[in-house]
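# Close look at the chain arrangement
Listed here are the chains, written in short residue letters.
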Amino acid sequence: MMRRLTTFLAAVLAVTVMAGGAQAGQKVKIGTEGAYPPFNSIDKDGKLVGFDIDIANALCDAAGFECEFVVQDWDDMIPGLLAKKYDAIIASMSITEERKQKVDFTGKYYNTPAKFFARKGSGLEISPEGLKGKVVAVQRATTHENFLTDNYGSVVTIKSYATQDEAYLDIVSGRADAGIADSVAVMDGFLNTDQGKDFEFVGPDFSDVKWFGEGAGIAIRKGEGDLLNAFNDAIAKIRADGTYQKINAKYFDFDVYGK
Amino acid sequence: MLDLRGYGWMLWEGVQLTLLVGVCALMVAIAMGMIGAWGKLAHNPVARLAAGTYTTVIRGVPELLLLLIVYYGTPTLIQDVATGLGYDIIIDVNPFIAGVATLGFIYGAFSTEVFRGAILAVPKGQIEAAYAAGMSRSQMVRRILLPQVWRFALPGLGNVWMVLMKATALISVIQLPELMRNAYLGAGNTKLPFTFYFAASLIYLGITIVSMLGQQRIEAWARRGVREA
């Protein structure tokens, strides 16, 4: 652990001049959150694990990049990319119009629907009438928050949280009546845990392109088309050679790539 | 007891980093505080203005905002300007340095006021007497002012330390794996947020209690030879 401390002390202020263009053997830093299982999380040994991480490694192999992960807080994920703390975001980030104003995205690498969830037997009906006066918990700065605001903002009280876990916490404690998030994240991160055993999905799948976009993509700084193309090619390559399907099967029993 | 599911080592590493950041930031804060107090009490109007601006601005802007400006804002600005000029550079501010510098700079403003109060608490007559006895300015500072300033400043500095200690939790936003950030990661991966945040709060409380005991001993040591009222 002293080694970890010294690495922080080692580089005081490093200024690097970048080589132009994407090429094999190039060093690429990948930003991820590390607190969004089963997509990206940190295991007991402090290692990054999850679907995003496996996909990122597969993409780097396919593109011939030497990749290094940087763990970053969700709220500052895009500012960190713009500040060049890393070169690409692979953190289950949904492709949206709003984010496209700041960064470029590759095509999707997965697309799972959003769903509401609530206490078992709540009889909650997902409609403006059914949700009237309810408190709904959602992670801040997410597509789910925008969807909730635009569709139910006038009838429900929205409580936004910095992390999905804080949203779960308030739902368990009863300060919120329901939540909305990515179905897979809720399934794995909440419903299948001790904390979430009294809760269930309610209502239909939501995957409107208007709010949820095409799915989760890799974010790259604008004007770095070479890197963007390299990642797009790599996605096509791992889809074609079966690597993607192998990783998919390791985590899910259905196809997360979507239609 | 608290079952940390094998993530206890992360909290332990976090504590070490938290203490390291805290101690380093305190040293920066004390240095800044002495310079600031000197500036505020100087006859030179430029020094007074600079020190006054420093304490006003820093005490008036939230720590979190300053931290974000130092870590994200400044590098992005410099890089964008450089890109505009045709250079492609990456400024990598080490989060440890950014955190220590920002916290030290902020709490330096608070310790400026602590030192200013402490200097003013030394009776003016003693300083005049020192000059009358033929001491030079540096002799007066070394023999009369500083020994007493430390004694007067200790309670205030102890307070600065305790607030600073808790402010280190803010550094979690710039990816420094200190106690707060590791508690967050542990909570995220075990789905036991209450356990991890509770453990972290006990640790912060423990640090505060140990600091208080330490402060009492240091103050007693500084007061040796001073008659209690």
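Residues numbered from 1 in each chain as written. Chains lettered and ligands numbered in written order. Predicted model: local features only at pLDDT ≥ 70, side-chain atom pairs only at ≥ 80, totals over all residues.

When helices and strands are counted, chain B shows 8 helices and 1 strand. Ordered by position in the sequence, the α and β elements of chain B form the string α-α-α-β-α-α-α-α-α. C-alpha atoms of chain B, sized along the principal axes, occupy 70 × 60 × 25 Å. Within chain B, the proportion of its 229 residues that are buried is 37%. (Helix = DSSP H or I, 4+ residues; strand = E, 2+ residues; numbered from the N terminus. Buried ≥ 20, exposed ≤ 12 C-beta atoms within 10 Å, placed from the backbone.)

Residue and element names in this part refer to chain A. A sheet is described by the order of its strands in space; here 5 strands give the open sequence β6-β2-β7-β14-β8, paired in mixed fashion. The sheet is open, and its two edges are formed by β6 (66–71) and β8 (103–105), each paired on a single side. Strand-to-strand twist of the sheet, defined as the mean angle between neighbouring strand axes without regard to direction, takes the value 35°. Sheet topology note: the strand β2 (residues 27–32)/strand β7 (residues 88–94) ladder contains 2 bridges and is parallel. What sits directly across from G31, in β7, is I89. (Pairing = 2+ DSSP bridges. Axes fitted to C-alpha atoms, helices over the stretch in contact; angles between N-to-C directions.)

Our focus in this paragraph is helix α5 (residues 124–132) of chain B. Residues separated by three or four positions in an α-helix point in the same direction, a consequence of the helix having 3.6 residues per turn. Little of α5 of chain B sits inside the fold, with 0 of its 9 residues counted as buried. Where α5 of chain B ends, the next residue or the one after it, G134 of chain B, has phi of about 95°, a positive value.

This paragraph deals with the pairing of β2 of chain A. In the sheet, β2 of chain A pairs with β6 of chain A via 6 bridges, with the strands oriented parallel. Considered in β6 of chain A, the bridge of T32 of chain A is made with V71 of chain A.

Turning our attention to the nonpolar core. In this structure, L59, A88 and F231 of chain A together with L164 of chain B are the most contacted members of the largest nonpolar core, which totals 122 residues. A total of 12 residues in this core trace back to one element, the largest contributor, which is helix α4 (residues 95–120) of chain B. For L164 of chain B, the contacting residues outside a window of four places in its chain are G22, A25, L26, A29, L103 and Y107 of chain B. (Core = buried A, V, L, I, M, F, W, Y, C linked by C-beta atoms within 7 Å. Contact = placed C-beta atoms within 7 Å.)

Residue and element names in this part refer to chain A. Spatially, 3 strands are ordered β3-β4-β5 in an open sheet, and the strand pairing comes out antiparallel. The two strands at the open ends of the sheet, each matched to only one other strand, are β3 (35–36) and β5 (48–49). In this sheet, β5 lies alongside strand β4 (residues 40–42) in antiparallel orientation, the contact comprising 2 bridges. When the sheet's bridge partners are listed, I42 is paired in β5 with L48.

The next point concerns the environment of K115 of chain A. Residues and elements named next belong to chain A. Structurally, K115 is set in strand β9 (residues 114–119). Given 23 C-beta atoms within 10 Å, K115 falls into the buried group. C-alpha separation for the pair K115 and Q72, spaced 43 residues apart in sequence, amounts to 26 Å. If we ignore the near neighbours within four places in the chain, the residues touching K115 are S183, V186, F201, G203, D205 and F206.

The two faces of the sheet receive side chains in turn, since in a regular strand these alternate between them. All names here are of chain A. In terms of burial, strand β12 (residues 178–182) is largely enclosed, as 5 of its 5 residues are buried. By the bridge criterion, 5 bridges tie β9 to β12 in an arrangement that is antiparallel. Bridging from a neighbouring strand, A118 pairs with A178 of β12.

All names here are of chain B. Mean pLDDT for chain B: 91, with 99% of residues reaching 70 or above. Confidence, read as mean pLDDT per element, is least for strand β1 (residues 89–93) in chain B (78) and greatest for helix α1 (residues 8–41) (95). Per the prediction output, this complex has pTM 0.76; the corresponding ipTM is 0.74. (pLDDT = per-residue confidence, 0-100.)

With 22 residues, helix α3 (residues 63–84) of chain B should cover 32 Å at 1.5 Å per step; its first-to-last C-alpha distance of 30 Å lies within 8% of that length. Of all the bends in α3 of chain B, the largest measures some 40° and sits at I69 of chain B. Listed in full, the buried residues belonging to α3 of chain B are L67, Y71, Y72 and P75 of chain B. Contact partners of the buried residues in α3 of chain B: α3 (77–82) of chain A together with β1 and α4 of chain B. Within two residues after α3 of chain B, G86 of chain B carries a phi angle of roughly 95°, on the positive side. (Expected span 1.5 Å × (residues − 1). Bend = angle between axes of the 7 residues up to and from the residue.)

This part covers the confidence of the model for chain A. The predicted structure's coordinates, where accompanied by low pLDDT, should not be read in detail. Of the residues in chain A, 90% reach a pLDDT of 70 or more, and the chain-wide mean stands at 89. Counting contacts from residues 5–13 of chain A, a segment whose pLDDT is below 50, to residues more than four positions away or on other chains yields 13 contacts.

Residues and elements named next belong to chain B. Tracing the chain through its elements places W161 in helix α6 (residues 137–167). Note on W161: 23 C-beta atoms within 10 Å, which makes it buried. Between the C-alpha atoms of W161 and L26, which are 135 residues apart in sequence, the distance is 6.6 Å. The residues touching W161, leaving out its near neighbours within four places in the chain, are L26 and S211.

In this section: the packing of helix α2 (residues 51–63) of chain A against helix α9 (residues 225–240) of chain A. All names here are of chain A. The N-to-C vectors of α2 and α9 enclose an angle of 105°; their axes lie 9 Å apart at closest approach. Considering their axes alone, α2 and α9 lie roughly perpendicular with respect to each other. Contacts from A58, L59, A62 and A63 in α2 reach A230, F231, D233, A234, I235, K237 and I238 in α9. In the contact of α2 with α9, the residues fall into 9 nonpolar, no polar and 2 charged. (Parallel < 35°, antiparallel > 145°, perpendicular 65-115°, else oblique. Nonpolar A, V, L, I, M, F, W, Y, C, P; charged D, E, K, R; others polar.)

Next up on the list: unusual backbone geometry. Residue and element names in this part refer to chain A. Omega for the bond connecting P37 with P38 falls within 30 degrees of zero, at 5°, which places this linkage in the cis form. Relative to the helices and strands, P38 resides in the loop between β3 and β4. The phi dihedral of K84 falls on the positive side, at around 60°, and the residue is not glycine. Here K84 shows up in the loop between α3 and β7.

Residues and elements named next belong to chain A. Two elements in contact, α2 and helix α10 (residues 243–251), have axes whose closest approach is 10 Å; the angle formed by their N-to-C orientations is 165°. The orientation of α2 with respect to α10, classified from their angle, is roughly antiparallel. Taken as a pair, α2 and α10 cross one another with a handedness that is right-handed. Every residue of α10 that contacts α2 at F51, D54, I55 and A58 is listed here: T243, I247 and Y251. (Left-handed = near helix turned anticlockwise from the far one by under 90°.)

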